[in-house]
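Architecture at a glance
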Amino acid sequence: MITLQLLVNGLALGAAYALVALGFVLVLNATAAVNFAQGDLVMAGGLLGVALAPHLPGYLPLPGLLLLPVVLVLMAGLGLLLAAAAYLPLRRRPPVAVFISTIAAGIILQNGASVLFGPEPRAAPPLLGGGTLDLGGLVVAEQSLAIIAVAALLIAGQQWLFGRTQLGRRLRATAQDPEMARACGVPVTAMILITFALGTAFAGAAGLLLANRYFVTPTAGGDLILKAYIAVTIGGWGSVPGAVAGALLIALFEVGVSSVLSYPVALGLLYATLLVILVARPQGLFGEAARRRA
Amino acid sequence: MSEPLLQVEGLTAGYGGALAVDRLSLSVAAGEAVALLGANGAGKSTLLKAILGLVPATGGRVRLEGAEIGALAPERRVRLGLGYVPEGRRVFPGMSVRDNLEVASWLDRAGRAQDLERVFALFPALAGKAEERAWRLSGGQQQMLAVGRALMGRPRVLLLDEPSLGLSPKLAGEVFAAVCAIAATGTAVLVAEQSAARALSAAGRVVLLRLGRAVHDGPVDTLPAEALRDAFLGG
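Residues numbered from 1 in each chain as written. Chains lettered and ligands numbered in written order. Predicted model: local features only at pLDDT ≥ 70, side-chain atom pairs only at ≥ 80, totals over all residues.

Quick notes on the overall build of chain A
Let me state the cut-off plainly: The helix count covers DSSP runs of H or I at least four residues long, the strand count covers runs of E at least two residues long, and both are numbered beginning at the N terminus. Only C-alpha atoms enter the radius of gyration, while the globule expectation follows 2.2 Å times N to the 0.38, with N the number of residues. Around each residue's C-beta, the other C-beta atoms within 10 Å are counted; 20 or more make the residue buried, 12 or fewer make it exposed, and counts in between make it partly exposed. All C-beta atoms are placed from the backbone. Each residue gets a C-beta atom placed from its backbone, and two residues are in contact if those atoms lie within 7 Å.
Counting its secondary structure elements, chain A contains 12 helices and two strands. In chain A, the succession of α and β elements from N to C terminus is α-α-α-α-β-β-α-α-α-α-α-α-α-α. Compactness check: chain A gives a C-alpha radius of gyration of 19 Å against a globular reference of 19 Å for 294 residues, within 12% of the reference. Taking the principal axes of its C-alpha atoms as reference, chain A extends roughly 60 × 45 × 35 Å. A total of 294 residues make up chain A; the buried ones form 50% of that total. Within chain A, contacts between residues at least 6 apart in sequence are counted, and of these 76% link residues at least 24 apart.

Here's the deal with the packing of helix α10 (residues 240-260) of chain A against helix α11 (residues 263-280) of chain A
Residues and elements named next belong to chain A. The line we're drawing: Note on geometry: axes are lines fitted to C-alpha atoms, helical ones only across the stretch in contact, with angles between N-to-C directions running from 0 to 180 degrees. In this scheme, roughly parallel covers angles under 35 degrees and roughly antiparallel covers those over 145, while 65 to 115 is roughly perpendicular and the rest are oblique. In this scheme the handedness of a crossing depends on how the near helix is turned from the far one: anticlockwise by less than a right angle means left-handed, clockwise means right-handed.
It is the contact of α10 with α11, at a shortest axis distance of 8 Å, that shows an interaxial angle of 140°. As judged from the angle between their axes, α10 and α11 are oblique. Seen along the crossing, α10 lies across α11 with a hand that is right-handed. Judged by residue contacts, I250, F253, E254, V257 and S258 of α10 engage Y263, V265, A266, L269 and L270 from α11.

Concerning the UniProt feature "transmembrane region" (unreviewed entry) in chain A
All names here are of chain A. Selection criterion: UniProt positions are given in the numbering used here, feature names are shortened, and annotations may be inferred rather than shown by experiment.
Residues annotated in UniProt with the feature "transmembrane region" (unreviewed entry) correspond here to residues 6-29, 41-60, 66-89, 96-118, 138-162, 183-209, 229-253 and 260-280. With 96% helix and 0% strand, residues 96-118 has its two end C-alpha atoms placed 31 Å apart. End-to-end, the C-alpha atoms of residues 138-162 are 36 Å apart, and along that stretch the chain is 84% helix and 16% strand.

So, the sheet that holds strand β5 (residues 67-68) of chain B
Residue and element names in this part refer to chain B. We count it as follows: Any two strands are treated as partners once DSSP identifies two or more bridges connecting them.
Taking strand neighbours across the sheet as the criterion, the four strands line up as β2-β1-β4-β5 in an open arrangement whose pairing is antiparallel. The sheet is open, and its two edges are formed by β2 (18-29) and β5, each paired on a single side. The sheet contact formed by strand β1 (residues 4-15) and strand β4 (residues 57-64) spans six bridges and is antiparallel. Pairing of A13 across the sheet is with A57, part of β4. Most of the contacts of helix α1 (residues 44-52) go to β2, to which it runs at about 70°, and overall it touches β1, β2 and β4.

What follows is the structure, encoded as structure tokens:
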């Protein structure tokens, strides 16, 4: 039963990490640039939830759930701003220019959050409720189930969009060969803007989901960008399913090892495992898919 | 001869300070297939890219059906009627054959389905591989896919860059037969090719390039052999 309990906790954490990694890898594929602000965007999504929560009418049955679409839309707007300020003006410069500009954007977000919210940890409201459910002896936090359900829904939505729609085909074509996509009539700049909006919205959703169970501080993004980076490296650089699988593996590993040893040991072992993967299988666990950007 | 669909007037383009296309003019009419011949580095690929806007032109004009398109972004030019088959195919490797084709269409679902059928009729080898990832296709099939992808935009003018490169003579023949069939439907075709014999067999007119300039422009049967030799071997 304890194993099952840990599995649920790991899946919930992994589902949130998966949204972070998904947003990270979508932007990476579309622009060939690493968005180092992704972790800080998660933090921004969490604090946005914290800031908006008092304004929700309390008489509604599920006020927390109402925050999700609001955070998604506002964060998508922030993604457009990020692209316009930190990517588009530098897109023809060497990649390091975008690395630095996204790091700068992340620092601006961190400092802005510190000024507005202070350094104390904050909690966003739960999506469904703050209680627990007893499923035949297995006690599960309602928020954990909400995290898994929302992340699954968003990831399924992303898969549907990219796999089944004409917009998704254009987004994938842009990610695989932007010049050729333009030669097929695809408005590549618009596709890049949409990708930034999607990636940032996913980061915001992850922030809102995590900010209830794990709290949020202005500096929380640093750890999350590393997790996203590790997930994408483990899953295969550029692989969308690999990023999701990598994120789930990281979280299960983190929760499992933390329960037996401790969280710092789990983190240490996670980075050690990353080093082993980089040496033994640099293409990641889903390397072939990554090479062809499935 | 009908009014040209594509008119290039005094086009100049290059990379950095190096001039690859030098004040070049040519035109292609509806239903006409024009071969663009020249040695490596003659400027064939750069000319096609400059017509499409992938390489910025530093001078001259590009007109499509009489309208100046030289200031437009490549995607706008494609939407207005240019189609492009690049050297080396450049299909989207992780996407299925169907998705590679559909991404280049701007029609609704029914229109896309109709055009897919047309492409599969032109290239039956692709029909059975619609759900196959493009990287799994052979070189010849990828070339067919690249041509089919360009056709999905219903181009009035089709630009092809080295369509026989790396293909067996049989497959190259199939691709050129398709090019002839496309021209026969009224599409203007401009095909850059190193294999002179193959291009001349498919084209009605030839433009010979040397160091970025057109040194001959006329019907295939008026092309002097020495001009062809000089363009490829120097002299």
